[in-house]
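Now for the letters of each chain:
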Amino acid sequence: AQSVTQLDSQVPVFEEAPVELRCNYSSSVSVYLFWYVQYPNQGLQLLLKYLSGSTLVKGINGFEAEFNKSQTSFHLRKPSVHISDTAEYFCAVRGYSTLTFGKGTMLLVSP
Amino acid sequence: ETGVTQSPTHLIKTRGQQVTLRCSSQSGHNTVSWYQQALGQGPQFIFQYYREEENGRGNFPPRFSGLQFPNYSSELNVNALELDDSALYLCASSLTGGSYEQYFGPGTRLTVT
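Just so it is clear, the model here is predicted, and its values are computed rather than measured.

1. Description of the overall build of chain A
- Of the regular secondary structure elements, chain A holds 0 helices and 12 strands.
- The globule rule puts the C-alpha radius of gyration for 111 residues at 13 Å, and the 13 Å found for chain A is close to it.
- Dimensions along the principal axes, computed over C-alpha positions, put chain A at roughly 40 × 30 × 20 Å.
- In chain A, which comprises 111 residues, the share counted as buried stands at 45%.
- Intrachain contacts of chain A at a sequence separation of at least 6 include 55% that bridge at least 24 residues.
- Carbon and sulfur atoms form 51% of the exposed surface of chain A, whose accessible area is close to 5400 Å².

In structure tokens form, the structure reads like this:
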């Protein structure tokens, strides 16, 4: 079985500051990890994914994440956030054929 | 390339009624998954269809059912609606054997009163 824990329900940050959104997972099968973003009243958009290879994964909009197998983590980072990054962020792990999501982290960027 | 579309965008139903939600997969995708996202929660897997057959199911009762059509479009049907069924229903399409990535539609917001 798979599970995802997002340790922070809400992360407030000022514009141009760095941010890290934390994600821990457990999986009984091969580990495939994803970060999705959800803007208000919209569906989910893929930010980045880890399937294999380099543990540092770069995604869209300047986001990156690092896969750490020993700590079973897949934290999302951005060196400098913008107001437009305000959204809900979901970490997900793929099981046999589907995705298990965390409860989400709301990133609130203020001027 | 056409993305995943869902209809309707919003709807309101009364407890005990039945509802059908529709999804059109992204071009070339042969697998569709449905998720329920309650307010303040992450999406929960309902079921998945591949080649018109159910290919996996989450912890949802049988009154949640689905169909996948030869053109890979899909329906989610919910019978005997309950207040707790109020949620955003998301459809995601993917290509089995591909990159494991699922592409999500904008969702249907269902309110049960």
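Here the narrative resumes.
2. With respect to the confidence of the model for chain A
- With 100% of its residues at a pLDDT of at least 70, chain A reaches an overall mean of 93.
- Predicted confidence in chain A is weakest over strand β11 (residues 99-101) of chain A, with a mean pLDDT of 92, and strongest over strand β3 (residues 19-21) of chain A, with 98.

3. Overview of the nonpolar core
- In terms of nonpolar packing, the biggest core is built from 27 residues, with W35(A), L48(A), F74(A), L76(A) and Y89(A) touching the most fellow members.
- Residue assignment for this core shows that the elements contributing at least two residues are β2 (10-14), β3, β5 (33-38), β6 (44-50), β8 (64-68), β9 (73-78), β10 (87-94) and β12 (105-110) of chain A.
- Residue contributions to this core peak at 4 residues, all from β10(A).
- Counting 20 residues, the second largest nonpolar core, distinct from the first, contains L21(B), I46(B), V78(B) and A87(B).

4. So, the state of the cysteines
Residues and elements named next belong to chain A.
- Counted under the stated rule, the structure contains 2 disulfides over all chains.
- Through a disulfide, C23 is tied to C91; the S-S separation comes to 2.0 Å. With the S-S dihedral at roughly -65 degrees, the linkage between C23 and C91 falls on the left-handed side. Of this pair, C23 sits in the loop between β3 and β4 (24-26) while C91 sits in strand β10, and the two are 68 residues apart along the sequence.
- Judged by relative accessible area, C23 falls into the buried class, the value being 0%.

5. Examining the interface of chain A and chain B
- Contact residues are listed per partner, giving 18 residues for chain A and 18 residues for chain B.
- Interface area, chain A with chain B, both sides summed: about 1500 Å², of which 52% is carbon and sulfur.
- Linking chain A to chain B there are 1 salt bridge.
- Between E101(B) and K49(A) there is a salt bridge, and its shortest N-O distance comes to 2.9 Å.
- Between the two partners, chain A and chain B, sit 5 residue pairs in polar contact (both at pLDDT 80 or more).
- Within the residue set of the side of chain A that touches chain B, elements represented by two or more residues are β5, β6, β10 and β11 of chain A.
- For the side of chain A that touches chain B, the class distribution of residues is 9 nonpolar, 6 polar and 3 charged.

Scoring rules and cut-offs
Residues numbered from 1 in each chain as written. Chains lettered and ligands numbered in written order. Predicted model: local features only at pLDDT ≥ 70, side-chain atom pairs only at ≥ 80, totals over all residues. Heavy atoms only, no water. Helix = DSSP H or I, 4+ residues; strand = E, 2+ residues; numbered from the N terminus. Rg over C-alpha atoms; globule rule 2.2 N^0.38 Å. Buried < 20%, exposed > 50% of the residue type's maximum accessible area, 1.4 Å probe, protein only. Contact = heavy atoms within 4.5 Å. Areas by Shrake-Rupley, 256 points an atom, 1.4 Å probe, with all protein chains shown as cover. pLDDT = per-residue confidence, 0-100. Core = buried A, V, L, I, M, F, W, Y, C linked by side-chain atoms within 4.5 Å. Disulfide = S-S within 2.5 Å. Buried area = accessible area lost by both parts, 1.4 Å probe. Salt bridge = Lys/Arg side-chain N within 4 Å of Asp/Glu carboxyl O. Polar contact = N/O pair within 3.5 Å; in protein donor to acceptor, adjacent residues only side chain to side chain. Nonpolar A, V, L, I, M, F, W, Y, C, P; charged D, E, K, R; others polar.

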